[in-house]
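Understanding the architecture of this molecule
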Amino acid sequence: MRKNVLALSIAAMIGGLGFAGAASAGVVPGTGTFNGTNQLTTTNATVLQISDAGVGHNLLVPYFTAQNNNMSVFHVVNTDTSNGKAVKVRFRSASNSDDILDFQVFMSPGDVWTAAVTQGSDGVAQIVTADNTCTVPKLTANVPQKFILDRLNPSLAAGDKANQTREGYVEIFNMADIPPNNGGTAAAPTLYGAIKHANNVAPCSVDGSVAQTLLNTVAVTNYTTQADAATAGFNTPSTGLMGDWYILNLPQTTTFSGAATSVAARVAVNGADGRGNFVHFPQTNASAGNVDAFTADPLFRTDARPATQGTTGGAYGAPLGTATLAASFFDLPDMSTPYTAAVPASATTAPLEQADLLTTALAVTSITNQYASDTSISAKTDWVFSMPTRRYSVVANYAATGVVGNQNVVGITAPNYRLFSQLNGGTVAGGEWFLPANTSVDSVGNICVNADGQRFWNREETTAGAVGTPPVFSPGNPLAPSVVRFCGETSVLAFADAGASSLGGNVARTTITAGTYTNGWGVINTTNGGNGLPILGASFIKLSNPNVGNGVSGNFGITWPHRGTRIQTVN
């Protein structure tokens, strides 16, 4: 499965730059003073934390949707008024976190980049922006760019593939800072001069300009040393990214909104924001070679391990020895690419350590939130559960084949459909979150992990408790009928509404059809052997006021982030 990179119109331009073969290094730690001696500012961040302040090095948007007439809008703000940012944006599908679109955004100091995702006429999601902040490849203002289907399950029908582009989550990385300098001239701009807005226009946004050519060249170049990166105008990444999102349904006059989860790279000894490693990779579809040192993604690693059974249970099989899917440069960086000084940048175990740090920072042992299904106000509730680091522990291998009993099998029933990276010991006791024994596969190929239980209350203290009537879920779960099951990377749990519900999600959805109250709150236990589960999300409640007058909208949307019990907040 080879992915087209956002209709790479710059492919001809990069053809002679020599990207064939293995990547020598896309992760460069800084060790000195920027540019004075052709060095990057020293990488000093040692831990990853969820930033309560909402500003960080990297951002996670837990959910987007273009289902049911919804559109999802994103605002990324560079609150750093001194440095520009080279930012990677990646959209992943809700089912098994397949990459459905990625590109680079070059933000000026104090800049805001905005975009919206909607459903196209053919059902495939598309992104559109009116922003003149520069992207590579270029997103032309007000011209929709379709999401890419190449990494989705090839056995799906066209309509199912389109559906899988319409829900998911978003990763946003600060790959590098672009520090201020003299900017050069219009005829010979520096990188900073190319991206710095002048009179509300970024020079690199002007078609055919020298600044645009420079930016395109920089974006597809593989910088492997401090000297090369510093000379090009890059520096090690600092903090400053802030993100917000909202989901707007115009026909139903309903809006949900929230803030992106920010991940900060900090210095453990004093808690200050630090500098990460330079992690810019070329935005090309050229082979990146062996990427064991750059990602924990089991599809791309040579040491991934299959489960020894098909759809349920099992143990680890032997390491594969070769990558299941050849990585291209555009696949990097990801959330597991080594970012801190505490993780050795060149070691093949480094991405596993990075994924372990980030998953630990996100892990919760319980989730608490409210719900409402009062028919008098047409109330509907969806709980969204997003696990943005699950990708680095277990993935779906769509090319899976094998033998079960005496039968040759392919797809979801094959033992190697689930591929695993061992982040920390290979057991629950060792600190793993997703294992062959605690994951399974549902009937449509979503990888699942069970909660440990749940309990629901009404608004007057009443609860069925552990011995009361258990909730009933649809689709049914024969393994544990009364337990919430997180199937898919980003799943939706609807309350008492088998129809379009609050969000209209259907890629990875279950519905509680009985066993809860009309209105109330609940707790889902995600202890998972003491390690918790890395879950983000919110309760999305839609309701209508039946007493409004003619011509006045009475529809309302409420977004309440999940409250979780964390294992720890400092790694």
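Throughout what follows, the structure given in this document is the object of discussion. (Residues numbered from 1 in each chain as written. Predicted model: local features only at pLDDT ≥ 70, side-chain atom pairs only at ≥ 80, totals over all residues. Heavy atoms only, no water.)

1. Here's the deal with the side chain of serine 328
Inspection of the secondary structure assignment puts serine 328 in the loop between strand 14 (305-306) and helix 6 (350-362). Among the residues examined, serine 328 registers a relative accessible area of 9% and is labelled buried. Residues in contact with serine 328, not counting those within four places in the same chain, are Thr284, Asn285, Ala286, Ser287 and Ala288. (Helix = DSSP H or I, 4+ residues; strand = E, 2+ residues; numbered from the N terminus. Buried < 20%, exposed > 50% of the residue type's maximum accessible area, 1.4 Å probe, protein only. Contact = heavy atoms within 4.5 Å.)

2. As for the sheet that holds strand 2 (residues 58-65)
Strands sit in the order 1-13-2-10-4-5-8 across an open sheet of 7 strands; the sheet is antiparallel. Each edge of the open sheet carries a strand with a single partner, namely strand 1 (47-50) and strand 8 (134-136). Strand-to-strand twist across the sheet, computed as the mean angle between neighbouring axes with direction ignored, equals 25 degrees. Sheet analysis places strand 4 (residues 84-93) next to strand 5 (residues 99-107), joined by 8 bridges and oriented antiparallel. Within strand 5, the residue paired with lysine 88 across the bridge is glutamine 104. Across the sheet, helix 4 (residues 210-219) lies against strand 5 and strand 8, angled at about 40 degrees from strand 8, the strand it touches most. Along the sheet face, helix 6 touches strand 1, strand 2 and strand 13 (261-266) and points at about 25 degrees away from the line of strand 1. (Pairing = 2+ DSSP bridges. Axes fitted to C-alpha atoms, helices over the stretch in contact; angles between N-to-C directions.)

3. Let's talk about unusual backbone geometry
Glycine aside, residues mostly have negative phi, and peptide bonds are mostly found in the trans state. Across the junction of leucine 332 and proline 333, the peptide omega takes the value -5 degrees, indicating a cis bond. Looking at the element boundaries, proline 333 is found in the loop between strand 14 and helix 6. The omega torsion of the bond from serine 474 to proline 475 falls at 0 degrees, within 30 degrees of zero and hence cis. With respect to the helices and strands, proline 475 occurs in the loop between strand 24 (472-474) and strand 25 (485-487). Phi is positive for asparagine 68, close to 55 degrees, though the residue is something other than glycine. As for its position among the elements, asparagine 68 is in the loop between strand 2 and strand 3 (70-78).

4. Focus on the pairing of strand 12 (residues 254-259)
Relative to strand 12, strand 11 (residues 241-249) runs antiparallel, the two being bridged by 6 bridges. Within strand 12, the residue paired with aspartate 244 across the bridge is alanine 259.

5. A few points about the sheet that holds strand 12
Strands sit in the order 9-7-6-3-11-12 across an open sheet of 6 strands; the sheet is antiparallel. Since the sheet does not close on itself, it has two edges, and those belong to strand 9 (145-146) and strand 12, each with one partner.

6. Here's the deal with the nonpolar core
Ranked by size, the top nonpolar core spans 98 residues in total, and within it Phe106, Phe234 and Phe486 carry the most contacts. Here the element with the most residues in this core is helix 6; it accounts for 7 residues. Within the second largest apolar cluster, 38 residues are counted, among which are Leu59, Tyr63, Ile127 and Ala538. (Core = buried A, V, L, I, M, F, W, Y, C linked by side-chain atoms within 4.5 Å.)

7. Digging into the state of the cysteines
The full count for this structure, using the stated rule, is 2 disulfides. Shown here is the disulfide that connects cysteine 134 with cysteine 204, its sulfur atoms set 1.9 Å apart. Because the sign of the S-S torsion sets the handedness, a value of about 105 degrees for the bond joining cysteine 134 and cysteine 204 places this disulfide among the right-handed ones. Residue cysteine 134 is found in strand 8, and its partner cysteine 204 is found in the loop between helix 3 (191-195) and helix 4; the two are separated by 70 residues along the sequence. Considered together, cysteine 134 and cysteine 204 belong to a single accessibility category, that of buried residues. (Disulfide = S-S within 2.5 Å.)

8. Observations regarding helix 4
An α-helix turns once every 3.6 residues. As a result, residues three or four positions apart point the same way. By the burial criterion, the buried members of helix 4 are Ala211, Gln212, Leu215, Asn216, Val218 and Ala219. Viewed along the axis of helix 4, the buried residues span an arc of 165 degrees, placing them on a single side of the element. (Arc of directions from axis to C-beta.)

9. Some remarks on the packing of aromatic side chains
For the coordinates displayed, the defined rule picks out 21 aromatic pairs. Between the aromatic rings of tyrosine 63 and phenylalanine 540, the centroid separation amounts to 6.3 Å while the plane-to-plane angle is 55 degrees, which identifies the pairing as tilted. Note that tyrosine 63 is positioned in strand 2 and phenylalanine 540 in strand 30 (residues 536-544), a separation of 477 residues in sequence. A relative accessible area of 2% places phenylalanine 540 in the buried class. (Phe/Tyr/Trp six-rings, centres within 6.5 Å; stacked < 30°, edge-to-face > 60°.)

10. As for helix 6
In this model helix 6 runs 19 Å from its N-terminal to its C-terminal C-alpha over 13 residues, within 8% of the 18 Å that 1.5 Å per residue would give. Buried residues dominate helix 6, accounting for 12 of its 13 residues. Of the residues making up helix 6, those classed as buried are Ala350, Pro351, Leu352, Gln354, Ala355, Asp356, Leu357, Leu358, Thr359, Thr360, Ala361 and Leu362. (Expected span 1.5 Å × (residues − 1).)

11. Side note on the side chain of histidine 57
On the secondary structure map, histidine 57 appears in the loop between strand 1 and strand 2. Classification of histidine 57 by relative accessible area gives buried; the value is 0%. A polar contact is formed between the side chain of histidine 57 and the backbone oxygen of glycine 274, at a distance of 2.8 Å. Residue contacts for histidine 57: discarding those within four places in its chain leaves Phe173, Asn174, Pro237, Ser238, Thr239, Leu241, Val263, Ala264, Ala265, Gly274 and Tyr339. (Polar contact = N/O pair within 3.5 Å; in protein donor to acceptor, adjacent residues only side chain to side chain.)

12. Considerations on the pattern of salt bridges
Counting across every chain of the model gives 16 salt bridges. The partner of arginine 151 in a salt bridge is aspartate 331, and the shortest N-O contact between them spans 2.8 Å. Placement of the pair is arginine 151 in the loop between strand 9 and helix 2 (158-164) and aspartate 331 in the loop between strand 14 and helix 6, with a sequence separation of 180 residues. Overall, the relative accessible area of 7% leaves arginine 151 in the buried class. Among the charged side chains, a salt-bridge network with shared partners connects Asp80, Lys85, Asp177 and Arg275. (Salt bridge = Lys/Arg side-chain N within 4 Å of Asp/Glu carboxyl O.)

13. Considering the pairing of strand 16 (residues 380-386)
The element strand 16 is largely enclosed, with a buried count of 6 among its 7 residues. In terms of strand pairing, strand 16 meets strand 30 through 7 bridges, oriented antiparallel. Paired with lysine 380 across the strands is lysine 542, a residue of strand 30. Summarising the sheet, strand 16 and strand 26 (residues 490-495) pair through 5 bridges and their orientation is antiparallel. Its bridge partner being in strand 26, phenylalanine 385 is matched across the sheet by serine 491.

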